Amino acid sequence: MDKLVVAIVQDQDANVLIEEVTKADYRVTKLSTSGGFLKSGNTTLLMGVKKNRLEDLLKIIENNCKTREVATSLLTVTMPGESYAPYPVNVTVGGATVFILDIDEYIRY
Ligand code: 2BA
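Read on for an overview of the structure. (Residues numbered from 1 in each chain as written. Predicted model: local features only at pLDDT ≥ 70, side-chain atom pairs only at ≥ 80, totals over all residues. Heavy atoms only, no water.)

## Regarding the overall build of the protein chain
For the record, the criterion: Helix and strand assignments follow DSSP, with helices taken as H or I runs no shorter than four residues and strands as E runs no shorter than two, numbered in order from the N terminus. Just to be clear, the radius of gyration here is over C-alpha atoms, and the globule rule we use is 2.2 Å times residues to the power 0.38. Exposure classes here rest on a 1.4 Å probe applied to the protein chains alone. A residue is buried below 20% of its type maximum, exposed above 50%, and partly exposed in between. Note on contacts: a residue pair is in contact if any heavy atoms of the two residues lie within 4.5 Å. To measure how exposed things are, a 1.4 Å probe is used in the Shrake-Rupley method; for residues, cover is taken only from the protein chains shown. When charges are counted, neither His nor the chain ends are considered; positive counts come from Lys and Arg and negative counts from Asp and Glu. A single reference atom marks each charge: NZ on Lys, CZ on Arg, CG on Asp, CD on Glu.
Summing up its helical and strand segments, the protein chain has two helices and six strands in all. Here the protein chain has a C-alpha radius of gyration of 18 Å; the compact-globule value for 109 residues is 13 Å, and the former is much larger. Expressed as a percentage of the 109 residues in the protein chain, the buried residues total 25%. Once local pairs closer than 6 in sequence are excluded, the contacts in the protein chain between residues at least 24 apart make up 65%. Surface accessibility of the protein chain: about 7600 Å² in total, with carbon and sulfur atoms responsible for 53%. For the protein chain, the separation between the mean place of its 12 positive charges and that of its 14 negative charges on side chains is 5 Å.

## Comments concerning the packing of aromatic side chains
The line we're drawing: Whether two aromatic rings pair depends on their centres lying within 6.5 Å, for rings of Phe, Tyr and Trp, where Trp uses its six-membered ring; planes under 30 degrees apart make the pair stacked, over 60 edge-to-face, and the rest tilted. We call a charge positioned over a ring when the NZ of a Lys or the CZ of an Arg lies within 6 Å of the ring centre and within 35 degrees of the ring normal.
Considering all chains together, one arrives at zero aromatic pairs under this definition. Across the ring face of Y26, the terminal group of R53 is positioned such that the distance to the ring centre comes to 4.0 Å.

## Digging into the side chain of T44
Our working rule: Identification of polar contacts relies on pairs of N or O atoms within 3.5 Å, with a donor-acceptor requirement for protein atoms, meaning one able to donate a hydrogen and the other able to accept it, and with residues adjacent in sequence counted only if both atoms are side-chain atoms.
Topologically, T44 is positioned in strand β3 (residues 41-49). Under the relative-accessibility criterion, T44 is labelled buried at 8%. Separated by 2.8 Å, the side chains of T44 and T33 make a polar contact. Leaving out residues up to four positions away in the same chain, T44 has contacts with V6, A7, I8, T29, K30, L31 and T33.

## Description of the nonpolar core
Our working rule: Nonpolar core, defined: a set of buried Ala, Val, Leu, Ile, Met, Phe, Trp, Tyr and Cys residues in which side-chain atoms within 4.5 Å join the residues together.
One finds V5, L17, V21, M47, L57 and I61 to be the most contacted residues of the largest nonpolar core, which totals 16 residues. Of all elements in the fold, only β1 (3-9), α1 (11-23), β3 and α2 (54-64) reach the threshold of two or more residues within this core. Sequence-distant contacts of M47, defined by excluding residues within four places in its chain, comprise K3, L4, V5, A7, V21, R27, V28, L57 and I61.

## Points about α2
Convention followed: Note: the arc covers the axis-to-C-beta directions of the helix.
Within the span of α2, buried status applies to L54, L57, I60, I61 and N64. Angularly, the buried residues of α2 cover 125° about the axis, an arc narrow enough to put them on a single face. Seen from the buried face of α2, the exposed residues on the opposite side, beyond 90 degrees, are E55, E62 and N63. On its buried face, α2 sits against β1, α1, β3 and β6 (96-102).

## Notes on the packing of α1 against α2
The line we're drawing: Note on method: axes are straight lines fitted to C-alpha atoms, helices fitted across the in-contact stretch only, with angles between N-to-C directions ranging 0 to 180 degrees. Should an angle lie under 35 degrees it is considered roughly parallel, over 145 roughly antiparallel, and from 65 to 115 roughly perpendicular; all remaining angles are considered oblique. Each crossing is labelled by how the near helix is turned from the far one, with a counterclockwise turn of less than a right angle marking it left-handed and a clockwise turn marking it right-handed. Here the term charged refers only to Asp, Glu, Lys and Arg, the term nonpolar to Ala, Val, Leu, Ile, Met, Phe, Trp, Tyr, Cys and Pro, and the term polar to all other amino acids, Gly among them.
Here α1 crosses α2 at 150°, and the two axes come no closer than 10 Å. With respect to α2, the element α1 is oriented roughly antiparallel. The crossing of α1 and α2 is right-handed. Between α1 and α2, the residues in contact are D13, V16, L17, E20 and V21 and L57, I60, I61 and N64, respectively. Split into classes, the residues belonging to the contact of α1 with α2 amount to six nonpolar, one polar and two charged.

See below:
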């Protein structure tokens, strides 16, 4: 095992993606996570892979994760001392945010 792929994906894409990576014979662990900005649920997948299979795995992630526009509201101050007013904004939430880490050691007991 050479690399740990940490992929943060939208909940809507998670099940299909897990199915596809499992079908392609990768091992995957699903974590239920939340984004700091939208403060809503997303899914983080941990996948340990051999270096020579990394590109193939990244292609599967890319092919199964869509970008989506999400409406949210930021809180903004209208006047000093006055209450906060919600300010609507649209954000484009990624297909996937992927971190690729070197694995020092991989042990299965
Ligand atoms: P959230 O933090 O909920 O962010 C959702 C989307 O909001 C982001 O999509 C981005 O388009 C926007 N956004 C985030 N922070 C922003 C900011 N300070 N100002 C304006 N817009 C902002 P993605 O970039 O596709 O990220 C999707 C999710 O991936 C994030 O959810 C977060 O959970 C994770 N993520 C993204 N980049 C990360 C990083 N560098 N480190 C750790 N987690 C990350």
